[in-house]
Amino acid sequence: GQIYILGRGVKRGSDDFRRTLELDPTRDDTRGRLTRALLDLGAYGEAVPHLEHLMKSQPDDAEVPVRLARCFNMLDRKREAQQLLRSVLDRHPDHGFALRALGQFALTDGNPAEAEVHLRKGAAARPPDDQAHWLLYEAVRPQGKPGAAAPLKDAEVVRDRSERIGELQSRRLAEQPLEPALHVEMALLLLQTGKDDIAITWLQSALSLDAKFRPAHRLLADLYSRKNQPDLAAAHRKLAED
């Protein structure tokens, strides 16, 4: 199912996820993947009971109520959708996906000024979200404000970065798995999206291929300096300059 999803075969992937849950209903990781596939397919009614199950089994996962709110909104249960998003933002005021959804709902209801407030916060959240930037452009444009095209340019930057990450994952790293420069490029892209811990793993992977690969040491030196870990930063800076 995951392979089909990566290859954009969402329908076939969702069929495999359903079959997996028939065999083992306790697999909430598969249930979560199924709900994401169902939203992509527009099968909002089918997704609702799965998401309500996950709300109980994974109460700390803030993305689950956001996905459920999207379903409720499409099923004309708008008040419940708003309540879910507000509850998420009460606990996580900077939750990017919740802010994007709230802004999108306001935009759909013909309130671009209200949408702009939520979408500006969502666009500034991490990880960067190109959809939030696109929607922000749609909210600002009808208001005739100066600089309306800026969110559009930001959206293109985020989109290009996401596409490059996808290309590295699906093709380039499969073709050249032992090329440390590709591992460092992946780490750099992940750092730009705020995924520091995963980026460190990719940098360590690059150094496992070439222990003297200076770009990896330079990035780790900058990263550990930013994380206020001077000893690690100094060690990698010395190796980068050696």
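Residues numbered from 1 in each chain as written. Predicted model: local features only at pLDDT ≥ 70, side-chain atom pairs only at ≥ 80, totals over all residues. Heavy atoms only, no water.

**A closer look at helix α12 (residues 196–209)**
Because each turn of an α-helix spans 3.6 residues, side chains separated by three or four positions end up pointing in the same direction.
Alright, step 1. The first and last C-alpha atoms of α12 sit 20 Å apart over 14 residues, in line with the 20 Å expected at 1.5 Å per residue.
Alright, step 2. Of all the positions in α12, only Asp 196, Ala 199, Ile 200, Leu 203, Ala 206 and Leu 207 are classed as buried. The arc that holds the buried residues of α12, viewed along the axis, is 115°, so those residues lie on one side. Opposite the buried face of α12, by more than 90 degrees, sit the exposed residues Asp 197 and Ser 208. (Helix = DSSP H or I, 4+ residues; strand = E, 2+ residues; numbered from the N terminus. Expected span 1.5 Å × (residues − 1). Buried < 20%, exposed > 50% of the residue type's maximum accessible area, 1.4 Å probe, protein only. Arc of directions from axis to C-beta.)

**Thoughts on the pattern of salt bridges**
Alright, step 1. Applying the stated criterion across every chain yields a total of 17 salt bridges.
Alright, step 2. Here Glu 167 and Arg 164 are joined by a salt bridge, their closest N and O atoms 3.0 Å apart. Separated by three residues within a single helix, Glu 167 and Arg 164 lie in helix α10 (residues 150–175), roughly one turn from each other.
Alright, step 3. When the shortest N-O distance is used, the salt bridge between Arg 226 and Asp 196 registers 3.2 Å. Residue Arg 226 is found in helix α13 (residues 214–226), and its partner Asp 196 is found in helix α12; the two are separated by 30 residues along the sequence.
Alright, step 4. Residue classification places Arg 226 among the exposed residues on the basis of a relative accessible area of 54%.
Alright, step 5. You can call Asp 196 buried: its relative accessible area is 14%. (Salt bridge = Lys/Arg side-chain N within 4 Å of Asp/Glu carboxyl O.)

**A word on helix α3 (residues 28–41)**
Alright, step 1. Given a rise of 1.5 Å per residue, 14 residues ought to cover 20 Å, and the 20 Å separating the end C-alpha atoms of α3 matches this to within 8%.
Alright, step 2. Where the residues of α3 are buried, they touch α1 (2–6), α2 (10–23), α4 (44–57) and α5 (63–74).
Alright, step 3. Positive phi appears at Gly 42, one or two residues downstream of α3, with a value of about 80°. (Contact = heavy atoms within 4.5 Å.)

**Points about the environment of Lys 238**
Alright, step 1. For Lys 238, the position within the fold is in helix α14 (residues 230–241).
Alright, step 2. Considered as a pair, Lys 238 and Pro 93 are 145 residues apart in the sequence and their alpha carbons are 40 Å apart.

**What to know about the packing of helix α8 (residues 112–124) against helix α9 (residues 130–140)**
Alright, step 1. Their axes nearest at 9 Å, the elements α8 and α9 cross at an angle of 150°. Comparing the axis directions of α8 and α9 gives the class roughly antiparallel. Crossing of α8 against α9: the hand is left-handed. Taking contact as the criterion, the partners of Pro 112, Ala 115, Glu 116, Leu 119, Arg 120, Gly 122 and Ala 123 in α8 are, on α9, Ala 132, His 133, Leu 135, Leu 136, Ala 139 and Val 140.
Alright, step 2. In the contact of α8 with α9, the residues fall into nine nonpolar, two polar and two charged. (Axes fitted to C-alpha atoms, helices over the stretch in contact; angles between N-to-C directions. Parallel < 35°, antiparallel > 145°, perpendicular 65-115°, else oblique. Left-handed = near helix turned anticlockwise from the far one by under 90°. Nonpolar A, V, L, I, M, F, W, Y, C, P; charged D, E, K, R; others polar.)

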